[in-house]
Amino acid sequence: MTRLGWGLDRTDEGQYLLLLAHPEDSRSTVFLFGYLLHPLFVALGGSIVGLRLVGAAISVLLAGVLGFTAARTATRRHGAEPTRASVLLVTIVTAGFGLGPLLYFPLTPSYNTLAFWGGCLWATGLLLAADSTRRLDAPPDAPARTGSPTITLRQTWLGPVLLGVGGVVAFAGKATTGAAIAALTVLAAVALIATSTHRARFIAHVVGGISVGGGAALVALMALVGHGPRWFVDFYTAGARSVSLLQGHEDLVRLDPFVIGGLVDPPIMTAVSAICLMLAAAVDGRRWLGILAGASAFLAIAAAALTVMDASGESTSPVAMLAWWWIPALAVVVGPLTRSNTRLHPSGRHVDEVIVVLALAVLPLAYVVGTNGNYWIAQSRAAVFWVAAGVVVLSARPAIQRAFATGVALLLLVVTITSLGYSYRYASPMRGWSDAEATGPAVVSPEGAELRLTAEDADTSRRLAGLAREHDLDGVPILDVTGASPGYIRQLGGRPVGSSWLLGGYPGSTAAALEAVRTHEAEDPGVLDRAWVLDAPQSRRRIPELLLALGRTEDDYEVVATFRHHLGYDVKLLRPRVAGNRAS
């Protein structure tokens, strides 16, 4: 909440806002998320704070529903009715982990957000589908609370339907995530059907439910986009070619190095110690261990606070995110302790539980596949799936399940506190907390969205708003050769030439940008003659050859204004000279 109204990254987040405002500007990319979230953008009047808040709320809600489902279905597996307190605790904790994708990433909803929402829906559907399989297999003399073969259609259809819907939502966010979840769906469905004793009945519900859910979601997606299947094929073909030309995002699955240094960080080790002590206290019933756990929790929070208040103002985001890898590790270690004196699956097997746990353990990888970043670190943003897997593994003993939820809540608290001083590609919000005069409010979009920025950036934003009014730049095409300024196109009210972000800094940046611009020119002849230009000679992502490859030179433009990019270099806003005076 403290960060919702602070700062604006004009690179990644700038692109998100461009696509939310004008989804059709996603030319030569693979992003559909703008079409799905555009109605939300319109409903909120373009409010950036509103978008961030609603996006976070939906993430928290879907993660909470996942936790609620895990707590109820996992406890019923062992012949016990879940207590209200246990379900509430697990729901609240998993809901908090819904913030994971936001803590060290831009706050504005994007393709990663939709991929996360789809993953939550899919995981919830998997838990419900496995639960209905188990209850269909229950013998006639099984206790009523475990269900019976006469369970309702809703109980057998809802899970598969959510599997289909979740896969399509994830696909709309990231095609790579959608493909990974599709593969998981096939494997999980085949495994669940194979282990069911009511195979003929269940196969109809699983296949039918997935088909209905996925089909309905696809129809809704096409309605939002306003195009049919052929358009989707052409869209992703062009996007895949752009990615190939860029030569920077084509490695969809990678084995990145594991950053081991963060595992010895004192705040994290203290938090992990507290979790272990809480688990031990739950197993042995020793109060003194609980007291030590409480003391460890206090030390962890204090250490995290010291990290935040460090003079550098930089948070240790890799350390905080790597800490979440302790969650599945602890569940695996403690899980066997919960297996003694518990009632087994009615058929004497736990195959369906193994299927669910394995799928949830792999789901964070499906969430990040195709991401251009360290996979070990990026997966931990989706740690809510590991938490759900831990709840399932530890479900035989409610006391241990509650201790696990309490322990990971402590870890989440530490990670959240250390994230307070972080802002994606922007100055830390701590500057405003310590010196109010170092920040100021400013309008950062044509709709009048206001944020608190650094004093320099606030001045720049006010100036850009004035330039947009003075030169009537609303809807004017703007060619960005800085390689990193889609947010300034949005702030000026312009429309990008070529694609929402002509991404610089990659071996094939010039080739990818050139193809995108030429495709745009073929669709809109004369767009280059009308286009203004953003240029930044000091930008490390600049695409210097682009203008020359398009038959333009700097003499074809006149400088209207020079302003400071929030990343620390000067940007020139160039206006095209009249055709008769062009040097070229």
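Residues numbered from 1 in each chain as written. Predicted model: local features only at pLDDT ≥ 70, side-chain atom pairs only at ≥ 80, totals over all residues. Heavy atoms only, no water.

S.K.: How do you make sense of the nonpolar core when you look at a structure like this?
M.R.: Soluble globular proteins: nonpolar side chains tend toward being buried together. Counting 107 residues, the largest nonpolar core has Phe33, Phe97, Trp324, Ile327 and Phe385 as its most contacted members. In contact with Phe97, other than residues within four places in its own chain, are Phe116, Trp324, Ile327, Ala383, Val384, Val387, Val408 and Leu412. (Core = buried A, V, L, I, M, F, W, Y, C linked by side-chain atoms within 4.5 Å. Buried < 20%, exposed > 50% of the residue type's maximum accessible area, 1.4 Å probe, protein only. Contact = heavy atoms within 4.5 Å.)

S.K.: Sorry if this is basic, but what is going on with the packing of helix H1 (residues 12-21) against helix H2 (residues 33-43) here?
M.R.: The relative placement of two packed helices comes down to the angle between their axes together with the axis-to-axis distance. As a packed pair, H1 and H2 sit with axes 7 Å apart at the nearest point and diverge in direction by 75°. The angle between H1 and H2 falls in the class roughly perpendicular. Contacts from Tyr16, Leu19, Leu20 and Ala21 in H1 reach Phe33, Gly34, Leu37, His38 and Phe41 in H2. Of the residues in the contact of H1 with H2, the class split is 7 nonpolar, 2 polar and no charged. (Axes fitted to C-alpha atoms, helices over the stretch in contact; angles between N-to-C directions. Helix = DSSP H or I, 4+ residues; strand = E, 2+ residues; numbered from the N terminus. Parallel < 35°, antiparallel > 145°, perpendicular 65-115°, else oblique. Nonpolar A, V, L, I, M, F, W, Y, C, P; charged D, E, K, R; others polar.)

S.K.: Is there a simple way to think about the side chain of Arg52 in this case?
M.R.: For Arg52, the location among the structural elements is in helix H3 (residues 48-76). Residue classification places Arg52 among the buried residues on the basis of a relative accessible area of 2%. Look past the residues within four positions of Arg52 in its chain and what remains in contact with it is Arg3, Leu4, Gly5, Trp6, Gly7, Leu8, Glu13, Leu107, Thr108, Pro109 and Leu451.

S.K.: It is not clear to me how the sheet that holds strand S7 (residues 570-576) should be interpreted in this structure. Could you clarify?
M.R.: Whether parallel or antiparallel, the strands of a sheet pair through hydrogen bonds between backbone atoms. The mixed open sheet is built from 5 strands, whose spatial order is S4-S3-S5-S7-S6. What marks the edges here is a single partner per strand, and that holds for strand S4 (495-496) and strand S6 (557-564). In this sheet, S7 lies alongside strand S5 (residues 532-535) in antiparallel orientation, the contact comprising 3 bridges. Looking at the pairing, Leu534 lines up with Leu573 of S7. Along the sheet face, helix H20 (residues 455-470) touches S6 and S7 and points at about 150° away from the line of S6. (Pairing = 2+ DSSP bridges.)

S.K.: How do you make sense of H20 when you look at a structure like this?
M.R.: For the α-helix, the turn length of 3.6 residues means that residues three or four positions removed from each other point alike. Here H20 is 16 residues long and its end C-alpha atoms lie 23 Å apart, about the 22 Å a rise of 1.5 Å per residue gives. Along H20, the residues that are buried comprise Asp457, Ala458, Thr460, Ser461, Leu464, Ala465, Leu467 and Ala468. Positive backbone phi, at 50°, marks Asp472, one or two positions downstream of H20. (Expected span 1.5 Å × (residues − 1).)

S.K.: Help me understand unusual backbone geometry in this model?
M.R.: Positive phi, close to 50°, is recorded for Arg425, a residue that is not glycine. Here Arg425 lies in the loop between helix H18 (398-419) and helix H19 (430-434). Note on Arg425: relative accessible area 32%, which makes it partly exposed. A positive phi angle, near 50°, is found at Asp472, a position not held by glycine. Classification of Asp472 as exposed rests on a relative accessible area of 56%.

S.K.: Could you clarify how one ought to interpret the pairing of S6 in this entry?
M.R.: Successive residues of a regular strand alternate their side chains across the two faces of the sheet. Here S6 pairs with S7 via 7 bridges, running antiparallel. Of the residues in S7, the one forming a bridge with Tyr557 is Pro576. Counting the residues in the hairpin turn of S6 and S7 gives 5 residues, including Gly568, whose phi is positive at 110°.

S.K.: Mind showing me how you'd approach the packing of aromatic side chains here?
M.R.: Each aromatic ring pair is summarised here by two numbers: the centre-to-centre distance and the angle between the ring planes. Counted under the stated rule, the structure contains 16 aromatic pairs. Ring centres of Trp231 and Phe232 lie 5.3 Å apart, and the angle between their planes is 85°; this geometry places the pair in the edge-to-face category. Using a relative accessible area of 10% as the deciding quantity, one classes Phe232 as buried. Three or more aromatic residues link up through ring pairs in this structure, and these residues are Tyr35, Phe171, Trp231, Phe232, Phe235 and Tyr236. Its guanidinium or amino end placed over the ring of Tyr367, Lys174 lies 5.8 Å from that ring's centre, counting from NZ or CZ. (Phe/Tyr/Trp six-rings, centres within 6.5 Å; stacked < 30°, edge-to-face > 60°. Lys NZ or Arg CZ within 6 Å of the ring centre and 35° of its normal.)

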